[in-house]
Amino acid sequence: QKEVEQDPGPLSVPEGAIVSLNCTYSNSAFQYFMWYRQYSRKGPELLMYTYSSGNKEDGRFTAQVDKSSKYISLFIRDSQPSDSATYLCAMSSPIAGTALIFGKGTTLSVSS
Amino acid sequence: DSGVTQTPKHLITATGQRVTLRCSPRSGDLSVYWYQQSLDQGLQFLIQYYNGEERAKGNILERFSAQQFPDLHSELNLSSLELGDSALYFCASSVAVVGSYEQYFGPGTRLTVT
């Protein structure tokens, strides 16, 4: 079993839709959770950063962490064509140091 | 723009050769990380340096090595290259070793081994 599982998609939605992206993980020591957005052939861009369980909101983006279920989510409201990208979840634990363990990414396409 | 710079953007070389990838972290960041991204493996952590010292190793091959210089820039050296080493190589930086898990990625170097 991989440490971090992420459905690769692709996920196609119309403009204005609410998008839900998810990751599951197996290592209960993970405490730091991040979402990155990666456009084709570009470097990953940090979108959201969450410590432990709970919700965090930033504009159209909401990150949720449920440590009891080992499940994290990223919600995108009012999705735009410019949101079309690959979304990568990443996580880390104090025990492992600060290296990030990534999911393989979900490819999202938002059509106008 | 994350503030992390990487050179070169593209590199094409032959099997058996050696290449050097360069990274400059964001101003003020002391930690540098190297990651490899391939289609089948995704983003994989290779190695971390903090203020010139190696801090953590991931799935880095013995043919690969890295260092961080006094001005905090870092170089990743890849030798005896194989076709399977073709990938995107990213550098990321963060402020500190512990307590700062937010990493900012550079634009990457695309390595093609022929």
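Definitions and cut-offs
Residues numbered from 1 in each chain as written. Chains lettered and ligands numbered in written order. Predicted model: local features only at pLDDT ≥ 70, side-chain atom pairs only at ≥ 80, totals over all residues. Heavy atoms only, no water. Helix = DSSP H or I, 4+ residues; strand = E, 2+ residues; numbered from the N terminus. Areas by Shrake-Rupley, 256 points an atom, 1.4 Å probe, with all protein chains shown as cover. Lys, Arg positive; Asp, Glu negative; His and termini not counted. Charge placed at Lys NZ, Arg CZ, Asp CG, Glu CD. Core = buried A, V, L, I, M, F, W, Y, C linked by side-chain atoms within 4.5 Å. Buried < 20%, exposed > 50% of the residue type's maximum accessible area, 1.4 Å probe, protein only. Contact = heavy atoms within 4.5 Å. Buried area = accessible area lost by both parts, 1.4 Å probe. Salt bridge = Lys/Arg side-chain N within 4 Å of Asp/Glu carboxyl O. Polar contact = N/O pair within 3.5 Å; in protein donor to acceptor, adjacent residues only side chain to side chain. Nonpolar A, V, L, I, M, F, W, Y, C, P; charged D, E, K, R; others polar. Pairing = 2+ DSSP bridges. Axes fitted to C-alpha atoms, helices over the stretch in contact; angles between N-to-C directions.

Draft legend 1. Inspection of the overall build of chain B at higher detail. For chain B, the count of helices and strands is 0 helices and 11 strands. From first element to last, N terminus to C terminus, chain B shows the α and β order β-β-β-β-β-β-β-β-β-β-β. When the backbone C-alpha atoms are referred to their principal axes, chain B occupies close to 40 × 30 × 25 Å. When the accessible surface of chain B is split by element, carbon and sulfur atoms take 48% of a total near 5,400 Å². On chain B, the mean spot of the 8 positive side-chain charges and the mean spot of the 11 negative ones are 3 Å from each other.

Draft legend 2. View of the nonpolar core. If you look at the biggest cluster of nonpolar residues, it comprises 24 residues, and the most contacted ones within it are Trp35, Ile72, Leu74, Ile76, Tyr87 and Met91 of chain A. Within the residue set of this core, elements represented by two or more residues are strand S3 (19-25), strand S4 (32-38), strand S5 (45-51), strand S7 (61-66), strand S8 (71-76), strand S9 (85-92) and strand S11 (106-111) of chain A. Grouped together as the second largest cluster of nonpolar side chains are 21 residues, Val4, Val19, Trp34 and Leu81 of chain B included.

Draft legend 3. A look at the interface of chain A and chain B. In this assembly, 20 residues from chain A lie in contact with 21 residues from chain B. Both sides together, the interface formed by chain A and chain B hides about 1,700 Å², and carbon and sulfur atoms give 58% of it. Three residues stand out in chain A for area buried against chain B, namely Arg41, Thr98 and Phe102 of chain A, and they jointly supply 31% of the buried area on that side. Where chain A packs against chain B, one counts 0 salt bridges. Inspection of the chain A/chain B interface yields 4 residue pairs in polar contact (both at pLDDT 80 or more). Secondary structure elements with two or more residues in the side of chain A that touches chain B: S4, S5 and S9 of chain A. Sorting elements by how many residues they give to the side of chain A that touches chain B places S4 of chain A first, with 4 residues. Split by residue class, the side of chain A that touches chain B holds 11 nonpolar, 6 polar and 3 charged.

Draft legend 4. Main features of the sheet that holds S7 of chain A. Residues and elements named next belong to chain A. As summarised here, the arrangement of the 5 strands in space is S1-S3-S8-S7-S6, forming an open sheet in which the pairing is antiparallel. Since the sheet does not close on itself, it has two edges, and those belong to strand S1 (4-6) and strand S6 (54-58), each with one partner. Averaged over all adjacent pairs, the angle separating strand axes in this sheet is 15 degrees, with direction ignored. The pairing of S7 with S8 spans 6 bridges and is classified as antiparallel. Each residue of the ladder has a partner; that of Phe61, found in S8, is Ile76.

Draft legend 5. Highlighting the pairing of S7 of chain A. All names here are of chain A. Where S6 and S7 come together, 5 bridges link them in antiparallel fashion. Considered in S7, the bridge of Lys56 is made with Ala63. Connecting S6 to the next strand, S7, in antiparallel fashion are 2 residues, including Gly59 with a positive phi near 65 degrees. Between S7 and S8, which pair antiparallel in sequence order, lie 4 residues; one of them, Lys70, sits at a positive phi of approximately 55 degrees.

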